[in-house]
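# A closer look at the structure
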Amino acid sequence: MGFSRWLNRTVGFIVFFILDILDFLLCFTYKTLDFFFESEWKPCYCCPPPEAKPTAVGGTRGGKMIVSERSGDYSKVVSLTRTKIHLDEISDSLYSRPSLHTKLTKLVKCFKKDAVECYDESKKRLPSAKKTLLTVNSTVVEKLQRTPRWSDCHCTFCTSWLSSSNHSLFVNVQQPKDNKAQENVVFIHGFLSSSTFWTETLFPNFSESAKSSYRFLAVDLLGYGKSPKPNDSLYTLKEHLEMIERSVISQFRLKTFHVVAHSLGCILALALAVKHPGAIKSLTLLAPPYYSVPKGVQGTQYVMRKVAPKEVWPPMAFGASVASWYEHISRTVSLVLCKNHHLLEFLTRLLTRNRMRTYLIEGFLCHTHNASWHTLHNIIFGSGSKVEAYLDHIRDNVDCDVTVFHGGRDELIPVECSYGVKRKVPRARIHVVPDKDHITIVVGRQKEFARELELIWRRSTTPQSHSIN
């Protein structure tokens, strides 16, 4: 190990130890503030989930009941309402993040367990039947709140979804003037972004021929941009997919469509292709976060440590680590930045004399901490063991063109992830763009990338050699 690597780990150990303490203190700070502003003690993911019990008795809150079962990389969550039953999975990484708080909590639990006899000796002798162990997840129950939190932004832009009755995702649509599009293209943005990532870069740069032939649909994912940001959502893969299906595929009656996805959006694009194999005409992935999980390794933890390695350098890795490992520090960042995004946009325009467009700031800051925290863990980390199965299914059962773009200088998602996609789907075309990173793979080369996309779409309409045999 070189000196620079040793220095990075040594400094990282000190920095993250300090952050452990800070997050520990912020935990109690936010509990107090939540009680002051919302008259309730709000639980968090610092403490490990309650141990499973044979009884499946749930408490109700807001008309819902939550029951959970821990299994492998996930906790299966069942929520009941008056009209339907939700069955979903939340990532194990939400709870299994070793920190000062979790270690202290475990120590206290061990002390209590030694001090109090938990089971009657006579009961131990009774033969035990094999049961499914379910328990109420109090953290999930408390998160079933619809009104914005006091720490979230309450501006008209961020809360515009509350005035809508259908609560569908916001979709920015550009179509031919005669409304006779021959084909559809769905754009899915990445983490901490919005539809403006596409509408401000690619949409103005498509050729007139493309604008007259395609209907472009750029969606704001659940919790981002102008889309709903419900606090009763756990922002799981199932929820994201159902919202895209309802707000885009069903709403616009899409029978076939191309998909262009960036970063986190690639996972959703792959899941859509698996669920709608006959509808996908082409699949274009930018910086897909695919990490091949070794056998016998817990997928959620493996992917989390790959994306957020708890290192101070490069800065992108440090930022990802803080966002992934520290629930309360990341909430503080969200409180300072997201709640004041209008001020930051104004200052940016003032300092740059309106020379810099602020659409990236809008995408980066117009979300809630609840949305970003759960999406990060339940989609990127929680899908770690699923993406490989998605790629296998696409290779064998989905007959569409697969193209992958990756920036050669991407410090967040390494280029190896795209090469991994190529190994799983041999027909996939890989384009590594030198000197471009996670954002500049599109921003700054939008004209060139628009031409590349048009070529992919034209190619997919003609007989191809991408056989799935």
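Residues numbered from 1 in each chain as written. Predicted model: local features only at pLDDT ≥ 70, side-chain atom pairs only at ≥ 80, totals over all residues. Heavy atoms only, no water.

### A few points about the sheet that holds strand β7 (residues 214-219)
- A sheet is described by the order of its strands in space; here seven strands give the open sequence β5-β7-β6-β8-β9-β10-β11, paired in mixed fashion. The two strands at the open ends of the sheet, each matched to only one other strand, are β5 (171-174) and β11 (429-433). Shown here is a sheet whose adjacent strand axes are inclined to one another by a mean of 15°, direction ignored.
- Pairing between strand β6 (residues 183-188) and β7: six bridges, direction parallel. (Pairing = 2+ DSSP bridges. Helix = DSSP H or I, 4+ residues; strand = E, 2+ residues; numbered from the N terminus. Axes fitted to C-alpha atoms, helices over the stretch in contact; angles between N-to-C directions.)

### Some thoughts on the UniProt feature "transmembrane region" (unreviewed entry) in the chain
- As recorded in UniProt, the sites labelled "transmembrane region" (unreviewed entry) are residues 6-28.
- The annotated region residues 6-28 carries 100% helix and 0% strand content, and the separation between its end C-alpha atoms amounts to 34 Å. (UniProt positions renumbered as here; feature names shortened; annotations may be inferred.)

### Topic: the confidence of the model for the chain
- Taken as a whole, the chain shows an average pLDDT of 83; of its residues, 78% reach a score of 70 or greater.
- Contacts of residues 52-67 to residues separated by more than four positions or lying in other chains number 49 contacts, the stretch itself having pLDDT below 50.
- Predicted confidence is poor over residues 80-85, with pLDDT under 50, and the contacts of this stretch with residues over four places away or in other chains come to eleven contacts. (pLDDT = per-residue confidence, 0-100. Contact = heavy atoms within 4.5 Å.)

### A short note on the packing of helix α1 (residues 3-38) against helix α11 (residues 327-337)
- Look at α1 against α11: their axes get within 7 Å of each other, and the N-to-C directions meet at 65°. Considering only the axes of α1 and α11, their crossing is left-handed. Of the residues in α11, those touching α1 at Leu 19, Leu 22, Asp 23, Leu 26, Cys 27, Tyr 30 and Asp 34 are Glu 327, His 328, Ile 329, Arg 331, Thr 332 and Leu 335.
- Here the contact of α1 with α11 is built from residues that sort into seven nonpolar, two polar and four charged. (Left-handed = near helix turned anticlockwise from the far one by under 90°. Nonpolar A, V, L, I, M, F, W, Y, C, P; charged D, E, K, R; others polar.)

### Here we look at helix α10 (residues 315-325)
- Those residues of α10 not exposed but buried are Ala 317, Ala 320, Ser 321, Val 322, Ser 324 and Trp 325.
- Buried residues in α10 make contact with α1, α9 (299-307), α11 and α14 (369-381). (Buried < 20%, exposed > 50% of the residue type's maximum accessible area, 1.4 Å probe, protein only.)

### A word on a nonpolar patch on the surface
- Taken together, the side chains of Phe 13, Ile 14, Phe 17, Ile 18, Ile 21 and Leu 25 make up a nonpolar region of the molecular surface, amounting to roughly 620 Å² of accessible area.
- Looking at the element boundaries, Phe 13 is found in helix α1. (Patch = residues over 30% accessible without salt bridge, like charges linked within 9 Å, V, L, I, M, F, W, Y side chains within 5 Å. Areas by Shrake-Rupley, 256 points an atom, 1.4 Å probe, with all protein chains shown as cover. Salt bridge = Lys/Arg side-chain N within 4 Å of Asp/Glu carboxyl O.)

### A look at unusual backbone geometry
- Backbone torsion omega between Trp 313 and Pro 314 reads 0°, so that peptide bond is classified as cis.
- Counting through the fold element by element, Pro 314 comes out in the loop between α9 and α10.
- At Arg 253, a residue that is not glycine, the phi angle is positive and equals roughly 50°.
- Its place among the elements puts Arg 253 in the loop between α7 (237-250) and β8 (257-262).
- Note on Arg 253: relative accessible area 73%, which makes it exposed.
- Despite not being glycine, Ser 263 shows a phi value in the positive range, around 55°.

### Side note on the nonpolar core
- Counting residues in each nonpolar core, the largest one holds 67 residues, and the members touching the most others are Ile 188 and Leu 283.
- Looking at which element gives the most residues to this core, the answer is helix α8 (residues 264-275), with nine residues.
- Counting contributing residues per domain, this core is built from domain 1 (1-38) and domain 2 (164-296 + 379-461), each supplying no fewer than three.
- In contact with Leu 283, not counting residues within four places along its chain, are Val 259, Ala 269, Leu 270, Ala 273, Ile 394, Cys 400, Asp 401, Val 402 and Thr 403. (Core = buried A, V, L, I, M, F, W, Y, C linked by side-chain atoms within 4.5 Å. Domains from an automatic or database assignment.)

### Comments concerning the packing of aromatic side chains
- The final tally for this structure, using the stated rule, is 23 aromatic pairs.
- With 5.1 Å between their ring centres and 75° between their planes, Tyr 45 and Tyr 95 make a pair best called edge-to-face. Taken together, the positions of Tyr 45 in the loop between α1 and β1 (60-61) and Tyr 95 in the loop between β4 (85-91) and α2 (100-115) put the pair 50 residues apart, joining distant regions of the chain. In terms of burial, Tyr 45 and Tyr 95 fall into one category: buried.
- Relative to Phe 216, the ring of Phe 206 has its centre 4.4 Å away and its plane inclined at 20°; by these criteria the two rings are stacked. One end of the pair, Phe 206, is in the loop between α5 (196-199) and α6 (208-213); the other, Phe 216, is in strand β7, and ten residues separate them in sequence.
- Owing to a relative accessible area of 3%, Phe 206 belongs among the buried residues under this scheme.
- Among the aromatic residues, those joined into a ring-pair cluster are Phe 187, Phe 197, Trp 198, Phe 203, Phe 206, Tyr 214, Phe 216 and Trp 457.
- Note that Lys 310 overlies the ring of Trp 325, its terminal NZ or CZ placed 4.6 Å from the centroid. (Phe/Tyr/Trp six-rings, centres within 6.5 Å; stacked < 30°, edge-to-face > 60°. Lys NZ or Arg CZ within 6 Å of the ring centre and 35° of its normal.)

### Regarding the side chain of His 189
- In this structure, His 189 sits in the loop between β6 and α5.
- A polar side-chain atom of His 189 sits 3.0 Å from the main-chain amide nitrogen of Leu 221.
- Once you skip the residues sitting within four places of it in the chain, His 189 turns out to touch Ser 194, Ser 195, Trp 198, Val 219, Asp 220, Leu 221, Tyr 224, His 262 and Gly 265. (Polar contact = N/O pair within 3.5 Å; in protein donor to acceptor, adjacent residues only side chain to side chain.)

### A few points about the side chain of Glu 345
- Examined against the element boundaries, Glu 345 turns out to sit in helix α12 (residues 341-352).
- Buried Glu 345, no salt bridge; nearest opposite-charge side chain is Arg 349, N-O distance 4.1 Å.
- Beyond its immediate sequence surroundings of up to four residues, Glu 345 is in contact with Thr 358, Ile 361 and Glu 362. (Lys, Arg positive; Asp, Glu negative; His and termini not counted.)

### Notes on the pairing of β6
- The element β6 is extensively covered by neighbouring structure, given that six of its six residues are classed as buried.
- Taking every second residue as pointing to the same face, both faces of β6 are buried, with Glu 183, Val 185 and Phe 187 on one and Asn 184, Val 186 and Ile 188 on the other.
- Bridging between β6 and β8 involves four bridges; their strand directions are parallel. Within β8, the residue paired with Val 186 across the bridge is Val 259.

### Quick word on the pattern of salt bridges
- Scanning the model with the defined rule gives 19 salt bridges in all.
- As a salt-bridge pair, Glu 388 and Lys 424 come within 3.3 Å of each other at their nearest N and O atoms. Residue Glu 388 is found in helix α15 (residues 387-397), and its partner Lys 424 is found in helix α16 (residues 416-424); the two are separated by 36 residues along the sequence.
- The partly exposed category is assigned to Glu 388, whose relative accessible area is 25%.
- With a closest N to O distance of 3.0 Å, Asp 396 and Arg 395 form a salt bridge.
- Its relative accessible area of 37% is what places Asp 396 among the partly exposed residues.
- On the accessibility criterion, Arg 395 (27% relative accessible area) is partly exposed.

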